[in-house]
Amino acid sequence: MAELGTTLNGQHQSTQSPHQTTQSPHHHHVTTHRPASATRLPSVLIATRHGESTANVEFQLAEAAGALSVPISCRDADIPLSLRGQQQAQALGRWWAALPGTDRPRSVWCSPYVRTAETARIALAQAAGLGAVPVTLAVRYDERLRDRELGVLEMLPKAAIEAKHPEEAARRRKMGELYYRPPGGESWADVALRVRSLLRDVCEEEAGRPVLLVAHDCTVLMLRYALDRLTEQQLTALGPVHNCSTSLWRAQDGRLRPDRWNGVDHLAPEGN
């Protein structure tokens, strides 16, 4: 029987012992050694956060003013890009087109949220317009790349959380972001679980090819947490993931190894 298992970043997980024992016709025990499955990895994995959204703008204004609400009535999944976010997505497409041919993604996996879908569509159109990728390149939408769900804290600025849910604010400080799960929502660790699941599929289906993941700030953080095997302290020391930033890992020695993190040199400076 073939060995069942998965490989992620050089760590093979098997459902049976590496030593399989069979019986000969004379009932002598013979031990055969089965090599672990060959590591299957994309040649290059690139992750980006969506461009600036209208909610990003509203939350910046609310935090600066200490407001207790933001003027957003739609679902989190339906929030679109701002004008600046659209411009950032175009810049992402130009960066994509300028990559060496062997690094240039020909496969795109994307969160199904509106802001990520718009980012992927605009970047792809820009790269295709420059002749870097086929116009017909398909985007694969996967809900495991969606943003962290915040439950009762959804769409609440920091001041509102402290005022309306002080016990949750205190529990969040005590538990830390990796393990704090708001009622009806997810912790960072919950997001890491679905990101690990997605990575196994990406590694299997995109082996040997460069691939682009279009996601959200927490999702990209959890990608780095999983791929670079960070500790909780290393994870929480990271700064925010910037809109339309680019992070890149290369397949090397059976692992995806970091080459670029949270790069924004392809984007126009703030205020321009």
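Given the structure is predicted, the values throughout are model-derived calculations rather than measurements.

Conventions adopted
- Residues numbered from 1 in each chain as written.
- Predicted model: local features only at pLDDT ≥ 70, side-chain atom pairs only at ≥ 80, totals over all residues.
- Heavy atoms only, no water.
- pLDDT = per-residue confidence, 0-100.
- Contact = heavy atoms within 4.5 Å.
- Salt bridge = Lys/Arg side-chain N within 4 Å of Asp/Glu carboxyl O.
- Helix = DSSP H or I, 4+ residues; strand = E, 2+ residues; numbered from the N terminus.
- Buried < 20%, exposed > 50% of the residue type's maximum accessible area, 1.4 Å probe, protein only.
- 1 Å grid on protein atoms, 1.4 Å probe; cavity = no way out; pocket = protein on both sides within 12 Å on 5 of 7 lines; lining within 4 Å.
- Points joined across faces, edges and corners; volume = space filled by probe spheres on them.
- Nonpolar A, V, L, I, M, F, W, Y, C, P; charged D, E, K, R; others polar.

Undergrad: Help me understand the confidence of the model for the protein chain, please; the structure alone is not making it clear to me.
TA: Close inspection of predicted coordinates is inappropriate for parts of the model with low pLDDT. When pLDDT is averaged along the protein chain, the result is 89; 85% of the residues meet or exceed 70. Long-range and interchain partners of residues 1-7, a stretch whose pLDDT sits below 50, account for 20 contacts in this model, where long-range means more than four residues apart. Segment residues 10-37 is flagged for pLDDT under 50; beyond a separation of four residues in sequence, or across chains, it makes 43 contacts in the model.

Undergrad: Please clarify how the pattern of salt bridges should be interpreted in this entry.
TA: Between side chains of opposite charge, a pair can form when the charged atoms approach closely. In the structure shown here, the tally under the stated rule is 21 salt bridges. A salt bridge links Arg 140 to Glu 205; its shortest N-O distance comes to 2.5 Å. Placement of Arg 140 in strand β7 (residues 139-141) and of Glu 205 in helix α6 (residues 188-205) is noted, with a sequence separation of 65 residues between them. Owing to a relative accessible area of 37%, Glu 205 belongs among the partly exposed residues under this scheme. For Arg 148, the salt bridge is made with Glu 177, and the minimal N-O distance between the two is 2.9 Å.

Undergrad: Whenever I open this one, the layout of surface pockets confuses me. Can you help?
TA: To find leftover empty space, one rolls a probe the size of a water molecule over the atoms. Size it by volume and the largest pocket reaches roughly 1,500 Å³. Arg 49, Asn 56, Phe 59, Lys 158 and Asp 217 are the residues nearest the centre of the largest pocket, which is lined by 44 residues in total. Taken together, the elements giving at least two residues each to the lining of the largest pocket come down to α1 (54-65), α2 (83-98), α4 (158-164), α5 (166-175) and α7 (217-227). Residues of the lining of the largest pocket, tallied by class, amount to 20 nonpolar, eight polar and 16 charged.

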